[in-house]
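Listed below, chain by chain, are the residues.
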Amino acid sequence: MTQLLQLLLAGIAQGCVYALVALGFVLIYKATETVNFAQGDLMMLGAFFALTGATVLGLPYWLVIIFAVAVMAVVGMLIERIVLRPVLGHPAFTVVMITIGAGYVMRGVVTMIPGWGTETYALATPFAEGVLRVGGVVVGVQQLAVIGHTALLCLALYLFFRFTRVGIAMQATSQNQLAAYYMGIPVRRINMLIWGLSAGIATIGGILLAPATFVHSNMGFIGLKAFPAAVVGGFGSVPGAIAGGLIIGVVEALSGFYLPEGFKDVAAYVVVLLVLMVRPSGIFGETARKKV
Amino acid sequence: MRFIFKTRYDQDLRLFKHGGQVFWYSLLGVVLLAAPWWASEYVLSQLHFIGIYSIVGLGLMLLVGFTGQISLGHAAFLAVGAYTETLLQAAGWPFWLTLPSAALLSAAVGIVVGLPALRLKGIYLAIATLAFGAIVEEIMARWESLTGGNSGKHVKHVELFGMKLDGDADLYYLILALTAISCVALANLLRSPTGRAFVAIRDSEISASCMGVNLAKYKTMSFAISAALTGIGGALYAHKVTFISPEQFTLLVSIELVTIVILGGVGSLHGAVFGAAFVIVLPQLIALAKDYLPSGVAGASGLQATVFGLVLIGFIIFEPMGLYGRWLKIRTWFELFPFYRKGMFRRQKTYMKSERLR
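This structure is a prediction, so every number in the text was calculated from the model and none was measured. (Residues numbered from 1 in each chain as written. Chains lettered and ligands numbered in written order. Predicted model: local features only at pLDDT ≥ 70, side-chain atom pairs only at ≥ 80, totals over all residues.)

1. Regarding the overall build of chain B
Where we set the bar: In this description a helix means any DSSP run of H or I spanning at least four residues, a strand means any run of E spanning at least two, and both kinds are numbered starting from the N terminus. Residues are called buried when their C-beta atom has 20 or more other C-beta atoms within 10 Å, exposed when it has 12 or fewer, and partly exposed otherwise; all C-beta atoms are positioned from the backbone. For every residue pair, C-beta atoms are placed from the backbone, and the pair is scored as a contact if these atoms sit within 7 Å.
Along chain B, the regular secondary structure elements total 17 helices and 4 strands. Overall size of chain B, expressed as C-alpha extent along the three principal axes, is 60 × 50 × 50 Å. Out of the 358 residues belonging to chain B, those deemed buried represent 41%. Sequence-distant contacts in chain B: of pairs separated by 6 or more residues, those separated by 24 or more amount to 76%.

Structure representation (structure tokens):
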């Protein structure tokens with residue numbers, strides 16, 4: 001029983017990271033109908049900026065987060081402005097390929113920057129290797145921190161989308177771009193802000209992931225696991241992304257323990273195939289048909 | 001500018017539109033047939049890869065460019081082809097049986113993948129194929145009794161009707177023949193009712209089904225043919241590199257295969273060949289350019305990825321029709337000289353079309 005609880009907790013902590021990356025996917029998809037394959041690489045870049053903030057600038061942990069998120073928000077907005085806007089309105093697949101290209105560039109450029117390169121770095125966090133014991137269950141402080149951060153971020157995002165002007169404008173844009181345009185919402189600027197926002201969320205995901213996997217130029221490939229998470233929840237549904245991330249994280253943790261070796265790596269993909277067979281647009285996805 | 005005055009219906013169906021095409025394609029054929037005489041060993045080896053990638057590119061072009069279905073898992077079909085070929089050859093089967101088996105098994109796997117594709121659209125299909133690719137990669141790494149796992153498997157040379165094709169030139173002719181056959185076969189397929197049905201599905205599924213196209217049948221068929229060609233490419237790839245292991249068939253390879261289609265120009269058979277040549281030649285160009293770059297950039301391991309990404313972005317923004325589109329423009333410039341206008345190929349203004357309601 002305690003073993004199961006412990007696995008669940010580890011799975012949820014890992015799932016939170018998936019959920020954060022998936023959240024970035026979903027926000028961009030909802031607003032611009034672009035599937036951003038570079039989300040994992042944005043996360044990687046964010047983690048590197050956090051590393052620079054912590055080591056070169058010597059900032060404390062909280063400032064590191066703010067610094068990295070701010071820098072990455074600008075990077076995200078620049079990517080939208082320079083790369084994505086010229087191809088607005090192209091077929092979805094073309095846009096997917098351009099984000100893949102952007103991901104390649106980010107992964108490549110990181111190896112060229114002095115001090116970053118191809119090495120693996122550890123990002124210092126205030127929640128070191130401490131453990132809590134709750135009735136026989138050993139709980140890593142790091143895992144609790146990840147879950148706590150994610151919960152806080154979700155709350156902040158909920159409040160942002162519910163009560164701020166920009167947040168509501170973003171919701172309007174993602175529901176119906178044309179109608180939003182008619183209502184006087186600057187849709188392009190909102191798209192840019194959404195890219196900034198999701199780059200920032202990815203950065204937080206990267207910082208939370210860093211203690212588990214360290215910071216290196218290929219850590220963005222975890223984005224490929226977050227993808228199934230977003231799809232399981234239904235692309236275009238924010239609660240779905242969180243739920244999908246948690247499902248994938250927990251399934252992975254359980255299959256890593258109970259099933260033979262090798263199943264852990266493909267668990268996410270098996271889950272996504274099963275879900276897509278039953279519900280072709282995810283668990284929380286909208287199912288709508290075009291009427292002629 | 002050449003105007004073809006058509007007087008009979010079968011002129012519309014001809015493979016070659018006019019004598020000029022016959023001439024240029026024959027010239028290309030002669031130059032390629034003579035390649036072992038004019039090309040160095042290194043160039044010939046690159047031509048091998050261009051041929052193999054062309055076959056795979058043609059397969060993917062049929063699926064992506066002509067049927068409008070996305071696949072991010074084509075490396076899996078490549079792997080199925082390569083492993084089938086290797087294992088059957090090791091079991092003593094002759095090449096004229098192993099190659100069709102590789103193609104048929106890939107096609108069968110393609111049908112299995114194509115079946116869910118009937119319900120999935122756009123990005124969901126991309127994810128499903130991506131997941132499929134990841135699972136196949138893992139199976140190859142874990143099923144050690146069959147595939148040799150991560151330590152890989154060695155592949156012997158091709159033996160065709162008692163002849164051992166162990167020289168570079170022998171393999172070259174085999175690849176060249178198969179590439180040419182695939183090109184002609186696809187060109188033929190695309191001017192048949194089947195090919196027209198594929199294009200109809202790409203342009204609009206609703207109107208295709210209204211015109212009596214059986215969506216399920218043709219989508220599955222497209223997946224099967226595409227997978228079969230990729231399987232043939234995989235089998236040849238195995239013989240070319242003579243060693244296969246699961247790392248050669250990762251997601252990154254799938255993405256590279258898709259870039260062949262994008263860079264070459266979506267929706268043209270020429271594009272698949274151009275794209276394949278480009279993807280093979282680009283790393284060589286980067287290696288040449290290294291001497292002129294500052295050492296910090298040239299020495300970085302990510303240089304190739306960066307250039308690759310920049311090229312991809314540049315093409316999609318500035319030349320969405322790919323290399324074939326660029327070639328069309330250059331040709332038109334010469335044909336119309338001096339009357340070429342800048343706006344001739346200007347894209348129609350596009351607006352965002354929602355894919356949610358389809």
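2. Regarding the overall build of chain A
For chain A, the helix and strand inventory stands at 11 helices and 2 strands. When the helices and strands of chain A are read in sequence order from the N terminus, they spell out α-α-α-α-β-β-α-α-α-α-α-α-α. Taken along the three principal axes of its C-alpha coordinates, chain A extends 60 × 50 × 35 Å. Across the 292 residues of chain A, 53% fall into the buried class. In chain A, 74% of the contacts between residues at least 6 apart in sequence involve partners at least 24 apart.

3. A word on helix α11 (residues 263-278) of chain A
Heads up, the rule is: Helix span, expected: 1.5 Å multiplied by one less than the number of residues in the helix. One fitted axis covers the seven residues ending at a residue, a second covers the seven starting there, and the bend at that residue is the angle between these axes.
In a regular helix each residue adds 1.5 Å, so 16 residues correspond to 22 Å; α11(A) covers 21 Å between its end C-alpha atoms and thus fits that length. By the largest-angle criterion, Y269(A) marks the main kink of α11(A), which is about 25 degrees. Taken residue by residue, α11(A) has V266(A), A267(A), A268(A), Y269(A), V271(A), V272(A), V275(A) and L276(A) as its buried positions. Elements in contact with the buried residues of α11(A): α9 (223-233) and α10 (238-258) of chain A together with α6 (95-117) and α7 (122-142) of chain B.

4. Describing the confidence of the model for chain A
To keep it simple, the criterion reads: Confidence of the predictor at the level of single residues is captured by pLDDT, which takes values from 0 to 100.
Averaged over chain A, the pLDDT score is 83; the fraction of residues at 70 or greater is 96%. Mean pLDDT values over the elements of chain A span from 72, in strand β1 (residues 131-134) of chain A, up to 91, in helix α3 (residues 61-84) of chain A.

5. Section: the confidence of the model for chain B
With 94% of its residues at a pLDDT of 70 or more, chain B has an overall mean of 85. Here the predicted complex scores 0.87 on pTM and 0.84 on ipTM.

6. Some thoughts on the interface of chain B and chain A
As a reminder, the rule being used: As a working rule, the residues Ala, Val, Leu, Ile, Met, Phe, Trp, Tyr, Cys and Pro are called nonpolar, Asp, Glu, Lys and Arg charged, and the rest polar, with Gly in that last group.
Taken residue by residue, the interface counts 44 residues in chain B and 49 residues in chain A. Secondary structure elements with two or more residues in the side of chain B that touches chain A: α7, α13 (251-264), α15 (295-298) and α16 (303-318) of chain B. For the side of chain B that touches chain A, the element with the highest residue contribution is α7(B), accounting for 11 residues. Residues that form the side of chain B that touches chain A fall into these classes: 30 nonpolar, 8 polar and 6 charged.

7. Focus: the packing of α3(A) against helix α8 (residues 187-213) of chain A
Residues and elements named next belong to chain A. Rules: Only the contacting stretch of a helix is used when fitting its axis, a line to C-alpha atoms as for every element, and angles between N-to-C directions run 0 to 180 degrees. Here the word oblique covers every angle except those under 35 degrees (roughly parallel), over 145 (roughly antiparallel) and from 65 to 115 (roughly perpendicular). Each crossing is labelled by how the near helix is turned from the far one, with a counterclockwise turn of less than a right angle marking it left-handed and a clockwise turn marking it right-handed.
It is the contact of α3 with α8, at a shortest axis distance of 7 Å, that shows an interaxial angle of 140 degrees. Relative to α8, the element α3 is oriented oblique. For α3 against α8, the interelement crossing comes out right-handed. Each of I65, A68, V69, M72, A73, V74, V75, G76, M77, I79, E80 and R81 in α3 lies in contact with α8, whose residues at this interface are N191, M192, W195, G196, S198, A199, G200, T203, I204 and I207. Partitioned by chemical class, the residues of the contact of α3 with α8 number 14 nonpolar, 6 polar and 2 charged.

8. Looking at the nonpolar core
All names here are of chain A. The criterion, for reference: Residues of type Ala, Val, Leu, Ile, Met, Phe, Trp, Tyr and Cys that are buried and joined through C-beta atoms within 7 Å form what is called a nonpolar core.
Residues A22 and A47 are the most contacted members of the largest nonpolar core, which totals 194 residues. Looking at this core element by element, the count peaks at 17 residues for helix α1 (residues 2-32). Beyond its immediate chain neighbours, meaning those up to four positions away, A47 contacts L123, G206, I207, A210, V215 and M219.

9. What to know about the pairing of β1(A)
We count it as follows: For two strands to count as paired, DSSP must find a minimum of two bridges between them.
As defined by bridge partners, β1(A) adjoins strand β2 (residues 137-140) of chain A across 4 bridges and the pair is classed as antiparallel. Across the sheet, V134(A) pairs through a bridge with V137(A), a residue of β2(A).

10. Here's the deal with α1(A)
Look at α1(A): 44 Å from first C-alpha to last across 31 residues, which is about the 45 Å you get at 1.5 Å a residue. Most of α1(A) is tucked away: 23 of the 31 residues are buried.

11. A look at the domain arrangement of chain B
Accessible area lost when the parts come together is the quantity often used to give the size of an interface. Residues and elements named next belong to chain B. The following threshold applies: For the domains described, the bounds stem from an automatic or database domain assignment.
The assigned domain composition of chain B is domain 1 (1-33) and domain 2 (34-345). Measuring from the centre of the C-alpha atoms in domain 1 to the corresponding centre in domain 2 gives 26 Å. Contacts between the two partners involve 7 residues from domain 1 and, on the opposite side, 7 residues from domain 2. Per-element tally for the side of domain 1 that touches domain 2: the top contributor is helix α2 (residues 19-33), with 4 residues. Looking at the side of domain 1 that touches domain 2, its residues break down into 7 nonpolar, no polar and no charged.

12. Brief notes about the packing of helix α10 (residues 193-203) of chain B against helix α12 (residues 215-241) of chain B
Residues and elements named next belong to chain B. Here α10 crosses α12 at 105 degrees, and the two axes come no closer than 10 Å. On the basis of the axis angle, α10 is roughly perpendicular to α12. In this structure, α10 contributes A197, F198 and I201 to the contact, and α12 contributes L215, Y218, K219 and S222. Broken down by class, the residue content of the contact of α10 with α12 amounts to 5 nonpolar, 1 polar and 1 charged.

13. Overview of unusual backbone geometry
Residues and elements named next belong to chain B. Cis peptide bonds are those with omega within 30 degrees of zero, and the linkage from F337 to P338 qualifies with 5 degrees. Mapped onto the fold, P338 is located in the segment after α17 (322-336). Its identity as a non-glycine residue notwithstanding, T242 has a phi of 55 degrees, on the positive side. As for its placement among the helices and strands, T242 is situated in the loop between α12 and β4 (243-244).

14. Let's talk about the environment of L157(A)
Relative to the helices and strands, L157(A) resides in helix α5 (residues 141-163). Assessed through the 17 C-beta atoms surrounding it within 10 Å, L157(A) is described here as partly exposed.

15. Side note on the environment of A212(A)
Within the secondary structure, A212(A) is located in helix α8. For the pair formed by A212(A) and L123(A), sequence separation is 89 residues and the distance between their alpha carbons is 9.8 Å.

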